[in-house]
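Observations on the model geometry
Chain residues, written in single-letter form:
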Amino acid sequence: MKILIAEDDFVSRLLVKKAVTEIGHEVIVAENGQQAWEAFLEHEPDMVISDWMMPEMDGLELCKKIRSASKKTYSYIMLLTAKDKTTDLVEVFEAGADDYIIKPFKPDELRSRIKSGERIAILESQHHELQENLSLKNRHLDEALRNLKATQVQAMQSEKMASIGQLAAGVAHEINNPIGFVGSNLEALSDYLKDYNRLLEHYQAMAANLDKAGTDNLATIVKTHLETIQTCEKDIEIAYIKDDIPDLLKDCIEGTSRVGKIVADLKNFAHPGNDKQMLMDINKGLESTLNVVANELKYKAIVTKTFGKIPLVEAWPQKLNQVFVNILINSAQAILEKGEIRIHTFAEGREVKIAISDTGSGISPENLSKIFDPFFTTKAVGKGTGLGMNIAYNIVKEHKGIIEVTSEVGKGTCFTITLPGK
Ligand SMILES: Nc1ncnc2c1ncn2[C@@H]1O[C@H](COP(=O)(O)OP(=O)(O)OP(=O)(O)O)[C@@H](O)[C@H]1O
Ligand SMILES: [Mg+2]
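Keep in mind the model is a prediction, meaning the values are calculated, not measured. (Residues numbered from 1 in each chain as written. Chains lettered and ligands numbered in written order. Predicted model: local features only at pLDDT ≥ 70, side-chain atom pairs only at ≥ 80, totals over all residues.)

Looking at the overall build of the protein chain
Worth spelling out the cut-off: For helices the rule is a DSSP run of H or I covering at least 4 residues; for strands it is a run of E covering at least 2, with both sets numbered from the N terminus onward. Between the two quantities, the radius of gyration covers C-alpha atoms and the globule rule is 2.2 Å times the number of residues to the power 0.38. Counting other C-beta atoms within 10 Å of a residue's own tells you its class, since 20 or more makes it buried, 12 or fewer makes it exposed, and anything in between is partly exposed; those C-beta atoms are placed from the backbone. Any two residues are considered in contact once their C-beta atoms, placed from the backbone, lie within 7 Å.
The secondary structure content of the protein chain amounts to 11 helices and 12 strands. Radius of gyration (C-alpha) of the protein chain: 46 Å, far over the 22 Å computed for a compact globule of 422 residues. Taking the principal axes of its C-alpha atoms as reference, the protein chain extends roughly 160 × 55 × 45 Å. Across the 422 residues of the protein chain, 25% fall into the buried class. Within the protein chain, residue pairs in contact and separated by at least 24 positions form 70% of the contacts whose partners lie at least 6 positions apart.

Following this line, the structure appears as structure tokens:
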């Protein structure tokens, strides 16, 4: 052990030094408080035996300075003093000393106090080291946790982007379809207009001739024109055109309003950063989500909606819609050929329940407990990231709700979300 002795009195210094070296310790000697402080910083001793009354800096101050210094190991401090009143001794301990010895002392007593101090110094140092290790480990754990969270957020973001990309392709298809038939209807309508114009020209010619003829030969004029008019009507199939035009116009109006609706719904998904908490009509959210995912579902499933009267929900609508998308896409993916997806909303007291079930492949009992875990997927590499349900779980939790799942292999799966209503 390295022991620093701080003592201004020559004789005392020698006595202490002798007692310490006799039991085999390394000694550093200082003749006043300031010297002792400098020696402490330089040598970092395991024990300090210091006189109380010293020039430049007394033993108590030295004690306080040592205790406030940051040092890896513990330094045991013993004060030498001629004072022996209880109040004095209290001061010794309050300054941070571990022990004191009253002058004049017997070398034997000093030696045994050093020995017991040594044991304590070792224990304190071990304790100190343990705590350092622990806090280092804690710091590492904190950092690992922070990194993990950052990775998860990043992964969630990219998952969102990937599913938006996938949806965008579907939506493009959904928009293309009505645009296609609106276009061909307009072409047919423009052909019909030409036919109408041809017929109109015949009527106009008849009207002009009748006008010129005054009151004579009216019947002959009408007869001649009527023949041409009838031939033209037959030629252009006027009866068919008359019936077809309202149908074509109706389809055009429907098609454009469908595109308008899809674009409006898509806006919600295209700006996820703008999501604000508001009172949300869950039925409407499901409706617009269905418009966006329609293309993903239509080859796989017939969708049945049973929307009940439910309270509004305090929600981030785009986030909840993302949950519905993730569940619906999973359902479609679980259906091998053709199946059914049912969406049922209902109120239970003030709670809103949303049940989405499918007639897909189902989930085995051992997988059922894992599906909300991040990165759990049974899909091929590149097909699934295993984040869809984890994201759904977190979003529902953020809404103070719960998401539950029941499933039977070969029969299908049902997700039930419960949210607090307003
Ligand atoms: N409706 C369902 N029917 C059958 N299995 C399902 C259903 N929903 C989820 N699963 C199972 O849970 C797993 C995890 O689903 P999750 O949506 O989290 O990830 P994923 O669909 O595999 O990938 P991602 O959604 O990230 O593209 C799926 O791989 C699948 O095995
Ligand atoms: Mg999924």
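Observations concerning the domain arrangement of the protein chain
Selection rule: Each domain's extent is set by a domain assignment, obtained either automatically or from a database.
For the protein chain, the domain assignment lists domain 1 (2–105), domain 2 (173–260) and domain 3 (272–420). Taking the mean C-alpha position of each, domain 2 and domain 3 sit 50 Å from one another.

A word on the environment of Lys 149
Tracing the backbone shows Lys 149 in helix 5 (residues 107–213). With 10 C-beta atoms packed within 10 Å, Lys 149 lands in the exposed category.

Digging into helix 6 (residues 218–236)
Counted only if it meets this: Multiplying one less than the number of residues by 1.5 Å gives the expected span of a helix.
Under the 1.5 Å per step criterion, the end-to-end length of helix 6 is 27 Å for 19 residues, consistent within 8% with the ideal 27 Å. Along helix 6, only zero of the 19 residues are buried, which leaves the element largely exposed. Backbone geometry just after helix 6 places Glu 237 at a positive phi near 55°.

Some points on unusual backbone geometry
Of note, the bond from Lys 103 into Pro 104 is cis; its omega dihedral lies within 30 degrees of zero at -5°. Following the sequence through the fold, Pro 104 ends up in the loop between strand 5 (99–102) and helix 5. One non-glycine residue, Glu 56, adopts positive backbone phi at about 75°. Of note, Glu 56 is situated in the loop between strand 3 (47–51) and helix 3 (59–68). Look at Glu 237: it is not a glycine, yet its phi comes out positive at around 55°. With respect to the secondary-structure elements, Glu 237 resides in the loop between helix 6 and helix 7 (238–270).

What to know about helix 9 (residues 317–334)
With 18 residues, helix 9 extends 26 Å between its outermost C-alpha atoms, agreeing within 8% with the 26 Å of an ideal straight helix rising 1.5 Å per residue. In terms of burial, helix 9 is largely enclosed, as 15 of its 18 residues are buried.

Re the sheet that holds strand 3
Applicable threshold: When DSSP locates at least two bridges between a pair of strands, those strands are taken to pair. The angle between two axes is taken between their N-to-C directions and runs from 0 to 180 degrees, where each axis is a line fitted to C-alpha atoms and a helix contributes only its stretch in contact.
Across the sheet, which stays open at both edges, the five strands sit in the order 2-1-3-4-5 with parallel pairing between neighbours. Of all the strands in the sheet, just strand 2 (26–30) and strand 5 have a single pairing partner and so form its edges. Taking the axes of each pair of neighbouring strands and ignoring which way they run, one obtains an average angle of 20° across the sheet. The pairing of strand 4 (residues 76–81) with strand 5 spans four bridges and is parallel. Residue pairing for strand 5: Thr 81 is matched across the bridge by Ile 102.

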